[in-house]
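Chain by chain, the residues:
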Amino acid sequence: MKIDIPKHILCALDMLKANGHESYIVGGCVRDSLINKVPSDWDICTCALPEETASVFKNFKTILTGIKHGTVCVIIDAFPVEITTFRTDGKYIDNRHPETITFSSSLSEDLKRRDFTINAMAYSKEHGLVDFNGGVNDLKSKIIKCVGDPEKRFGEDALRIMRAIRFSAQLGFRIDDNTKKAIFSKKELLSNISAERITDEFFKLIMSDCYIDILREFEDVIKIFIPHFNSIIKDIMVKKDIRLRLAYALSSSKCNIDDVFGTLVVSKSLKNSVNTILLNQNTSIINDKYNIKKQLSGLGEELLSLVLEFKSYLGQDVSGHIDTMNKILINNECYSLKQLKVSGNNIKSLGVKDNTNIGKVLDYLLKQVISDNLPNEKEALLNEAKAYIINNKF
Ligand code: ATP
Ligand code: MG
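These numbers come from a predicted model, not from an experiment.

Asker: Looking at this structure, I do not really get the overall build of the protein chain. What am I missing?
Answerer: Secondary structure assignment for the protein chain yields 19 helices and 13 strands. Computed over the C-alpha atoms, the radius of gyration of the protein chain is 29 Å, more than 25% above the 21 Å expected from 2.2 N^0.38 for a compact globule of 394 residues. For the protein chain, the spread of C-alpha atoms along the principal axes amounts to about 90 × 50 × 40 Å. Considering only intrachain contacts with a sequence separation of at least 6, the fraction spanning at least 24 residues in the protein chain is 63%.

So, in structure tokens, the structure goes:
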């Protein structure tokens, strides 16, 4: 068995070795390589103490912010390479962090502190695959299993609960029975984990291939951080777009729109997109140019496309709406103030001073254009504006 290691990682391993330090690639990159997936990152572990690692790479740019935890980040060929000293973790506090860590010279100790057997393998050219915890077997049987006693491991660090269900969704692996039992018995501890970390894992979960099965199976776990979560959703293909995936995951939750995200940390723009999708999921939109232009004007092209795509997931026939929208866009027909051939300044020069009134005139003109009562041409618009201004005594 041979793993194809990228050049910059090989360079780091060779330099450590040349200085007499045993080192390996470890964790997710070994797991992914064994199942022919491209690893998202490559981690190195070594018996060298952090200061020794820093000294090996003294001619390279290094980032030492993680040095207390044993990690030296070296920039090689413009890639950041994380090199961490073998370590054992002391007593855990706050269900997340070890109170102390101790550097070790033993790879086997280091692998024991890792979360799941499939994540607890190391590899080097010299030693081949090192697997003290049955990772290869579990990888073959497609099983996520804690290293050691699951209850103890989730008690130490409850984020591992989220990692377990996230890996299960990403890899399509089942969770070992004892590990699963402990996930449920320790689920309340998730309330001690930072909302940012939970959000990060939850997003990875819902962007995975097998997310729906996992949402169903672990509904009670998800309810710890999204109390109104309801997993009754059909198993359909939803595009891998976080806005659509999040809206779909939350679409069965019966609650006020403000509560739908629970304690997830969601950016304003993502929240706005998901809320718009959810608020429109069951509204009917009439398929004619006027109504679609009104929707385009209110939501914009991107969000209306998402709303229509989402409606199609729910079985609503929106193919006609999509055609209408595409025609409007292709013909560059006016549906927004930006496209209107007169501006606020034009209205100002007709003598309207007040900004609110300028806005009213523009809105009126846009409505006339959208309704096909008026062409989007400057002269016609200005004439109509003059009449409107006189009628309304602006
Ligand atoms: P990904 O593909 O998401 O990067 P990964 O397994 O590489 O998956 P990382 O967060 O990059 O995950 O962590 C690298 C390795 O560090 C893991 O494979 C595992 O061995 C170990 N690890 C990470 N987080 C924990 C944790 N909370 N508890 C124990 N070990 C962990
Ligand atoms: Mg990783």
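Asker: I would appreciate a short explanation of the packing of aromatic side chains in the present structure.
Answerer: By the definition in use, this model includes 9 aromatic pairs. Ring geometry for Y24 and F86: centres 6.4 Å apart, planes at 40 degrees, overall tilted. Of this pair, Y24 sits in strand 1 (residues 23–26) while F86 sits in the loop between strand 5 (79–85) and strand 6 (87–89), and the two are 62 residues apart along the sequence. Look at F86 and you get buried, because its relative accessible area is 0%. In this structure, R166 is placed above the aromatic ring of F167, and the distance from its NZ or CZ to the ring centre is 4.2 Å.

Asker: Help me out: how do you make sense of the nonpolar core in this one?
Answerer: If you look at the biggest cluster of nonpolar residues, it comprises 79 residues, and the most contacted ones within it are I25, F202, L215 and L246. Residue contributions to this core peak at 8 residues, all from helix 7 (residues 159–171). L246 has contacts with F202, F203, I206, F261, L264, L270 and V274, leaving out every residue within four places of it along the chain. The next biggest cluster of nonpolar side chains, apart from the first, holds 18 residues, and it includes I347, V352, L382 and Y388.

Asker: Looking at this structure, I do not really get the packing of helix 12 (residues 242–250) against helix 15 (residues 301–313). What am I missing?
Answerer: How two helices sit against one another is set out by the angle between their axes and by the gap between those axes. Running from N to C, helix 12 and helix 15 cross one another at 45 degrees; their axes reach a closest spacing of 11 Å. What the angle tells us is that helix 12 and helix 15 run oblique. Between helix 12 and helix 15 lies a crossing of right-handed hand. Contacts between helix 12 and helix 15 involve R243, L244, A247 and Y248 from the former and E302, L306, E309, F310 and Y313 from the latter.

Asker: Whenever I open this one, the site of ligand 1 confuses me. Can you help?
Answerer: Ligand 1 sits among 16 residues. The nearest are R31, N119, D157, R160 and R166. In the environment of ligand 1, a nitrogen atom lies 2.8 Å from a nitrogen or oxygen atom belonging to the side chain of D157. Bound to the protein, ligand 1 loses 80% of the 590 Å² it would expose on its own. Sorting the residues of the shell around ligand 1 by element identifies helix 2 (28–34) and helix 7 as the ones contributing at least two each. For the shell around ligand 1, the element with the most residues is helix 7, which contributes 4 residues. Tallied by class, the residues present in the shell around ligand 1 amount to 1 nonpolar, 4 polar and 11 charged.

Asker: Please explain the environment of I144 as it appears in this structure.
Answerer: Position of I144 among the secondary structure elements: in strand 12 (residues 143–144). Under the relative-accessibility criterion, I144 is labelled buried at 0%. Sequence separation of I144 and S40 is 104 residues, and the distance between their C-alpha atoms is 19 Å. Excluding anything up to four places from it in sequence, I144 contacts F116, I118, A164, F167, S168, L171, F173, R174, I175, D176 and T179.

Asker: What's the story with the side chain of N346 in this structure? I'm lost.
Answerer: Locating N346 in the fold gives a position in helix 17 (residues 344–348). Engagement of the side chain of N346 in a polar contact is seen with the backbone nitrogen of S343, the distance being 2.8 Å.

Asker: Sorry, what's going on with helix 7 here?
Answerer: Within an α-helix, residues lying three or four positions from one another point in the same direction, as the helix has 3.6 residues per turn. Here helix 7 is 13 residues long and its end C-alpha atoms lie 18 Å apart, about the 18 Å a rise of 1.5 Å per residue gives. Counting buried residues along helix 7, 11 of its 13 residues qualify, which places the element largely inside the surrounding structure. L159, R160, I161, M162, A164, I165, R166, F167, S168, A169 and L171 are the residues of helix 7 that are buried. Downstream of helix 7 by a residue or two, G172 has a phi angle that is positive, lying close to 70 degrees.

Asker: Help me understand the state of the cysteines, please; the structure alone is not making it clear to me.
Answerer: Put plainly, two cysteines are in a disulfide when a covalent bond ties their sulfur atoms together. As enumerated under the stated definition, the model contains 0 disulfides in all. With no disulfide of its own, C45 lies closest to C29 among cysteine sulfurs, the gap being 9.0 Å. Assessed through its relative accessible area of 0%, C45 is described here as buried. Considering cysteine sulfurs only, C146 is the nearest to C210, which forms no disulfide, with 20 Å between them.

Asker: What is the right way to look at the pattern of salt bridges in this model?
Answerer: Where charged atoms of side chains with opposite charge meet at close range, the side chains can pair. One pass over the full model with this rule turns up 25 salt bridges. For R160, the salt bridge is made with E156, and the minimal N-O distance between the two is 2.8 Å. Like E156, R160 is buried. For the salt bridge of R160 with D157, the shortest nitrogen-to-oxygen distance reads 3.8 Å. Here the salt bridges share partners, and the residues they tie into one network are R96, K152, R153, E156, D157 and R160.

Asker: Honestly, helix 19 (residues 378–392) in this entry has me stumped. Any pointers?
Answerer: Its 15 residues give helix 19 an end-to-end C-alpha distance of 21 Å, which sits within 8% of 21 Å, the value for a rise of 1.5 Å per residue. For helix 19, the set of buried residues is L381, L382, A385, Y388 and I389. Along the axis of helix 19, the buried positions cluster into a sector of 125 degrees, meaning they face one direction only. Facing away from the buried side of helix 19 by more than 90 degrees, the exposed set consists of E379, I390 and N391. Those residues of helix 19 that are buried are in contact with helix 17 and helix 18 (355–370).

Analysis parameters
- Residues numbered from 1 in each chain as written.
- Chains lettered and ligands numbered in written order.
- Predicted model: local features only at pLDDT ≥ 70, side-chain atom pairs only at ≥ 80, totals over all residues.
- Heavy atoms only, no water.
- Helix = DSSP H or I, 4+ residues; strand = E, 2+ residues; numbered from the N terminus.
- Rg over C-alpha atoms; globule rule 2.2 N^0.38 Å.
- Contact = heavy atoms within 4.5 Å.
- Phe/Tyr/Trp six-rings, centres within 6.5 Å; stacked < 30°, edge-to-face > 60°.
- Buried < 20%, exposed > 50% of the residue type's maximum accessible area, 1.4 Å probe, protein only.
- Lys NZ or Arg CZ within 6 Å of the ring centre and 35° of its normal.
- Core = buried A, V, L, I, M, F, W, Y, C linked by side-chain atoms within 4.5 Å.
- Axes fitted to C-alpha atoms, helices over the stretch in contact; angles between N-to-C directions.
- Parallel < 35°, antiparallel > 145°, perpendicular 65-115°, else oblique.
- Left-handed = near helix turned anticlockwise from the far one by under 90°.
- Near = heavy atom within 4 Å.
- Polar contact = N/O pair within 3.5 Å; in protein donor to acceptor, adjacent residues only side chain to side chain.
- Areas by Shrake-Rupley, 256 points an atom, 1.4 Å probe, with all protein chains shown as cover.
- Nonpolar A, V, L, I, M, F, W, Y, C, P; charged D, E, K, R; others polar.
- Expected span 1.5 Å × (residues − 1).
- Disulfide = S-S within 2.5 Å.
- Salt bridge = Lys/Arg side-chain N within 4 Å of Asp/Glu carboxyl O.
- Arc of directions from axis to C-beta.

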